[in-house]
Amino acid sequence: MSRAIRPAEPNLSVAVTHLMKGVVYRDAHAVPWLHLTQLQTQVRDYVAVLGLTVMIDEAEGYAFLRSRPDDVDQDGPAVPRLIPRRSLSFHVSLLLALLRKKLAEFDANNSDTRLVLTRQQMIDLLTTFMPATIGEARLVDQIDTHLNKVVELGFLRRLDDGEASYEVRRIIKAFVDAQWLAEFDARLAEYVAELSGTTAGPR
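Numbers given to residues run from 1 along each chain, matching the order in which its sequence is written. Since the coordinates come from a predicted model, pLDDT governs what is reported: local features require at least 70, and pairs of side-chain atoms require 80 or more to be given and counted, while whole-chain, interface and lining totals use all residues. The side-chain figures draw on all heavy atoms in the structure; neither hydrogens nor water molecules are used.

Visitor: How do you make sense of the nonpolar core when you look at a structure like this?
Guide: One broad trend across soluble globular proteins is that nonpolar side chains are buried collectively. Of all hydrophobic cores here, the largest spans 39 residues; its most connected members are Leu94, Leu99, Met122, Val150, Leu156 and Ile172. Residue assignment for this core shows that the elements contributing at least two residues are strand 3 (62–67), helix 4 (90–109), strand 4 (115–118), helix 5 (119–127), helix 6 (136–153), strand 6 (165–168) and helix 8 (178–196). It is helix 4 that contributes the most residues to this core, 10 residues altogether. If sequence neighbours within four positions are ignored, Leu94 has contacts with Leu126, Phe129, Phe184 and Leu188. By nonpolar core is meant a set of buried Ala, Val, Leu, Ile, Met, Phe, Trp, Tyr and Cys residues that side-chain atoms within 4.5 Å join together. Exposure classes here rest on a 1.4 Å probe applied to the protein chains alone. A residue is buried below 20% of its type maximum, exposed above 50%, and partly exposed in between. In terms of nonpolar packing, the next biggest core, distinct from the first, is built from 13 residues, Val24, Leu36, Leu39 and Ala63 among them. Only DSSP runs of H or I reaching four residues or more are called helices, and only runs of E reaching two or more are called strands; each is numbered from the N terminus. Residue contacts are defined here by distance: any two heavy atoms, one from each residue, within 4.5 Å place the two residues in contact.

Printed below as a string of C-alpha cells:
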C-alpha cells in the first residue's frame, strides 16, 4: 500500500535564497514561489534586517527584492545597500519604455498573459530612434547589445522557439510606471528634435 506524498513544509531558507539570486516567477520557480507566498511575513522580517523589502505581485506572478528607500526612518546606523542602483543608457531606457507601452497595448486588447516579440520587431521599434548616419550592420549590432542588456536585467526572456523571439516579462510593470514614462517621454521629445535637427526654441 503506497503512502500519499505530503507537500514539503514551507522553508524560509528556500524562499529567501531564491529571492537573493534574483526575481522569483510563479511559472518558472513553482517550489520557491510556494514557499515564499506561504511565508510572506517571515520573509519580510528577515530581509528587513538586510535593509531590503520584498515586492510580491501574486496577480502577475513575480516577486523580487528592492533596497529600502534612503528616506525611510531607521533606528541605528544606515545599512549599506546590497542591491546597487543601476545607471541605464538612453537607448536601454528607450527600449524599456517601448516594451512597457507594448505590454499596456497588449493587455488592453488580448486575454493572453504572455507578450512575445521577435528580434526583428524590436529592431523595428528602435530603428526609428537611432541616428540615420549609422550603417545598417552597425545599427543591428547596437540594437542587439541593447537587447542583451534588457535580457540581463530580467525584463526580456529569450525563447527557444527557433525564431529569435523574446517574452516581455511582466515585472517590467513594477519598474516602469506612469511617472517614469512621463519623465522619459519628455527626454525622448528632446532627443527626437535633436535627431531631426529641429531643436525647439523659446516661443
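Visitor: How should the pairing of strand 4 be read in this particular structure?
Guide: The two faces of the sheet receive side chains in turn, since in a regular strand these alternate between them. Side chains of strand 4 alternate between two faces, with Leu115 and Leu117 buried and Val116 and Thr118 left unburied. In this description, strands pair whenever DSSP reports at least two bridges between them. Sheet analysis places strand 4 next to strand 6, joined by four bridges and oriented antiparallel. Bridge pairing links Leu117 to Tyr166 in strand 6.

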